[in-house]
2 protein chains.
Amino acid sequence: MADERNDSKIVNISRRNFLKGMGVVTAAAALSTGGFGLLSKADAQEAPTWPFPYKKLDPEAIMPVAYEGYFKGGCAYGAFSAIMEGLRKEVGYPFTVIPNEIVKWGEGGGAGWGTLCGALLGAATAINLVTDAKGYSAVINDLIGWYTQFPFPAYKPANPRADISVTSVSGSPLCHVSVSKWCAAAKAKIADTARKERCGRLTADVAAQAVRLLNSYHSGTFVAAFKPSDTFNGCMSCHGASAMNNAMGKMDCVPCHEPHN
Amino acid sequence: MADERNDSKIVNISRRNFLKGMGVVTAAAALSTGGFGLLSKADAQEAPTWPFPYKKLDPEAIMPVAYEGYFKGGCAYGAFSAIMEGLRKEVGYPFTVIPNEIVKWGEGGGAGWGTLCGALLGAATAINLVTDAKGYSAVINDLIGWYTQFPFPAYKPANPRADISVTSVSGSPLCHVSVSKWCAAAKAKIADTARKERCGRLTADVAAQAVRLLNSYHSGTFVAAFKPSDTFNGCMSCHGASAMNNAMGKMDCVPCHEPHN
């Protein structure tokens, strides 16, 4: 579609010569049919049909874009813009009308509050754009579950901002937990370049995993891999939907709550 | 206004060359008035300039839309779509090209994980669309802080799904904490209609507060009202940026961590 956009430019250019000396009636008729690469204002101003069409992306190609995007606009922007840029190349419109900046606030777990990891927020927003409710629920659930168990970071950038080698498993989708745990493991401070390097690489890892899951989902081969822990299942046997039904969510309980009988 | 911009592009890009040498009085008149109502595909397919233009909205008018939106598409969708619908009426394009569904996954604290409250996620995404980075950081920070201290719900719908009267203060922006605390206070289960009614009303409260903050921000009268608690400040005097710098975020510490000296 990006090609089509260029095509429309070609049409515009060739039209100049084409119309030289033509009668107005013919030209006006051609315009009214959209034959010269034009859209009616009504079409251009309406929301594109959701979900948007997906085409398979290369996770390896997404990672450096997400990593650089992190340093340009934060974790949520990095993950979202990398997937969107991929889809703009492969599909074009309607991905072209969504500004990458729409998720920037997700940085630092939501305006720095340390809630949901911004890389997850950015990737989830992209997933939501290209799957229906059944699809995004399954894919995002698996992405978040994977995140809680993955030893971040894995991506090795060609031009790192800092040399880091420590990895850590967050056990949680919360930025607060994920960042603080890595800092403890790496003996780093939040403000260190090393910590930012870790989050930049993590952004690449999350965007790539989102693309892997989307590729499998849209090719009909997706199988959910995440399984909640035994401790979580134990807690939910009382607090879950089939019993007390008084604990909302899927985050592991024991990092914040004392286990009890 | 974006119409004007696009109209002028049509006139500038197309008319000049297109009409050269033609018997063009009729066509020129039609084009200069935008009478063909056309945009070039290239214009229509480009992302609108961010941030989008904001116009003052009525928080009272937003609330019933957000409440009904909750029952249609969840908490994130309810808050986001209510603000977007308001801006589509007041401004039109470019709000018209962003599908309301883009934030649906935020429901239940992010695909049901119980992280950031979806109403906050939806409202924050709308705020991000209409403010630059300095603006959305300040406004969203104040919205999240307000959320942690507000006795939800306050909104009284004209046609409630359930009669509820209990309110609770979450002390946290996390869906898990916010919902579980209200259920404990109301002696309700997560799956109860009463709990959904509470989250529907909360969605209205959050969307209205977001609009109040945006109205004041864009009229130059915004003053941040949220102040972190003394306990949080106490924790951060050691764990914050000026000392150990090893705790990410702004969430209160003591609900999950034992206070210590």
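Quick note: structure is the one above.
Rules used throughout
Residues numbered from 1 in each chain as written. Chains lettered and ligands numbered in written order. Predicted model: local features only at pLDDT ≥ 70, side-chain atom pairs only at ≥ 80, totals over all residues. Heavy atoms only, no water. Helix = DSSP H or I, 4+ residues; strand = E, 2+ residues; numbered from the N terminus. Buried < 20%, exposed > 50% of the residue type's maximum accessible area, 1.4 Å probe, protein only. Contact = heavy atoms within 4.5 Å. Expected span 1.5 Å × (residues − 1). Axes fitted to C-alpha atoms, helices over the stretch in contact; angles between N-to-C directions. Parallel < 35°, antiparallel > 145°, perpendicular 65-115°, else oblique. Left-handed = near helix turned anticlockwise from the far one by under 90°. Nonpolar A, V, L, I, M, F, W, Y, C, P; charged D, E, K, R; others polar. Phe/Tyr/Trp six-rings, centres within 6.5 Å; stacked < 30°, edge-to-face > 60°. Lys NZ or Arg CZ within 6 Å of the ring centre and 35° of its normal. Salt bridge = Lys/Arg side-chain N within 4 Å of Asp/Glu carboxyl O. Lys, Arg positive; Asp, Glu negative; His and termini not counted. Polar contact = N/O pair within 3.5 Å; in protein donor to acceptor, adjacent residues only side chain to side chain.

1. Structural notes on the overall build of chain A
Then, number 1: Looking only at helices and strands, chain A features 10 helices and 3 strands.
Then, number 2: When the helices and strands of chain A are read in sequence order from the N terminus, they spell out α-α-β-α-α-α-α-α-β-β-α-α-α.
Then, number 3: Taken across its 261 residues, chain A has 55% of its residues classed as buried.
Then, number 4: For chain A, long-range pairs separated by at least 24 residues make up 67% of all intrachain contacts whose partners lie at least 6 apart in sequence.

2. A few points about helix α8 (residues 175–186) of chain B
Residue and element names in this part refer to chain B.
Then, number 1: An ideal rise of 1.5 Å per residue puts 16 Å on 12 residues; α8 measures up with 16 Å between its terminal C-alpha atoms.
Then, number 2: For α8, the complete set of buried residues consists of Cys-175, Ser-178, Val-179, Ser-180, Trp-182 and Cys-183.
Then, number 3: Buried residues along α8 sit against α7 (133–149) and α9 (193–218).
Then, number 4: Among the residues trailing α8, Lys-187 stands out with phi positive, at a value near 50°.

3. Thoughts on the packing of helix α5 (residues 75–90) of chain A against helix α6 (residues 118–130) of chain A
Residues and elements named next belong to chain A.
Then, number 1: The interhelical angle for the contact between α5 and α6, taken along N-to-C directions, is 30°, at an axis separation of 5 Å. Comparing the axis directions of α5 and α6 gives the class roughly parallel. The way α5 lies across α6 gives a crossing that is right-handed. Together, Cys-75, Ala-76, Ala-79, Phe-80, Ile-83, Met-84 and Leu-87 of α5 and Gly-118, Ala-119, Leu-121, Gly-122, Ala-123, Thr-125, Ala-126, Leu-129 and Val-130 of α6 make up the contact between the two elements.
Then, number 2: Counted by class, the contact of α5 with α6 contains 13 nonpolar, 3 polar and no charged residues.

4. Quick look at the environment of Ile-98 of chain A
Then, number 1: Along the chain, Ile-98 of chain A falls in the loop between α5 and α6.
Then, number 2: Sequence-distant contacts of Ile-98 of chain A, that is, excluding residues within four places in its chain, are made with Phe-52, Phe-80, Met-84, Arg-88 and Leu-129 of chain A together with Ala-47, Val-97, Ile-98, Pro-99 and Ile-102 of chain B.

5. Structural notes on the packing of aromatic side chains
All names here are of chain A.
Then, number 1: Counted by the stated rule, this structure contains 22 aromatic pairs over all chains.
Then, number 2: Following the ring pairs from residue to residue traces out a cluster consisting of Tyr-67, Tyr-70, Phe-71 and Tyr-155.
Then, number 3: The ring of Phe-71 is capped by Arg-161, whose NZ or CZ atom sits 4.1 Å from the centre of that ring.

6. Section: the pattern of salt bridges
All names here are of chain A.
Then, number 1: Evaluation of the coordinates by the stated rule reveals 6 salt bridges over all chains.
Then, number 2: Two residues, Arg-201 and Glu-197, come together in a salt bridge whose shortest N-O distance is 2.6 Å. Taken as a pair, Arg-201 and Glu-197 lie in helix α9 (residues 193–218) at a separation of 4 residues, close to a single helical turn. Per residue, the accessibility class of Arg-201 equals that of Glu-197, and both read buried.

7. Structural notes on the side chain of Arg-88 of chain B
All names here are of chain B.
Then, number 1: With respect to the helices and strands, the residue Arg-88 is situated in helix α5 (residues 75–90).
Then, number 2: Given a relative accessible area of 17%, Arg-88 falls into the buried group.
Then, number 3: The residues touching Arg-88, leaving out its near neighbours within four places in the chain, are Phe-95, Thr-96, Ile-98 and Asn-100.

8. Looking at the side chain of Asp-142 of chain B
All names here are of chain B.
Then, number 1: Its place among the elements puts Asp-142 in helix α7.
Then, number 2: Although Asp-142 is buried, it makes no salt bridge; Lys-227 carries the closest opposite charge, 7.7 Å away.
Then, number 3: In terms of polar contacts, Asp-142 uses its side chain to reach the backbone amide nitrogen of Phe-226, at 2.8 Å.
Then, number 4: Not counting chain neighbours up to four residues away, the residues in contact with Asp-142 comprise Leu-213, Phe-222, Val-223, Ala-224, Ala-225 and Phe-226.

9. A short note on the packing of helix α8 (residues 175–186) of chain A against α9 of chain A
Each packed pair of helices is defined by two parameters, the angle between the axes and the distance between the axes.
Residues and elements named next belong to chain A.
Then, number 1: The interhelical angle for the contact between α8 and α9, taken along N-to-C directions, is 130°, at an axis separation of 11 Å. On the basis of the axis angle, α8 is oblique to α9. Crossing of α8 against α9: the hand is right-handed. Contacts from Ser-178, Val-179, Trp-182 and Cys-183 of α8 reach α9 at Ala-194, Arg-195, Arg-198, Cys-199 and Leu-202.
Then, number 2: Taken together, the residues that form the contact of α8 with α9 break down as 6 nonpolar, 1 polar and 2 charged.

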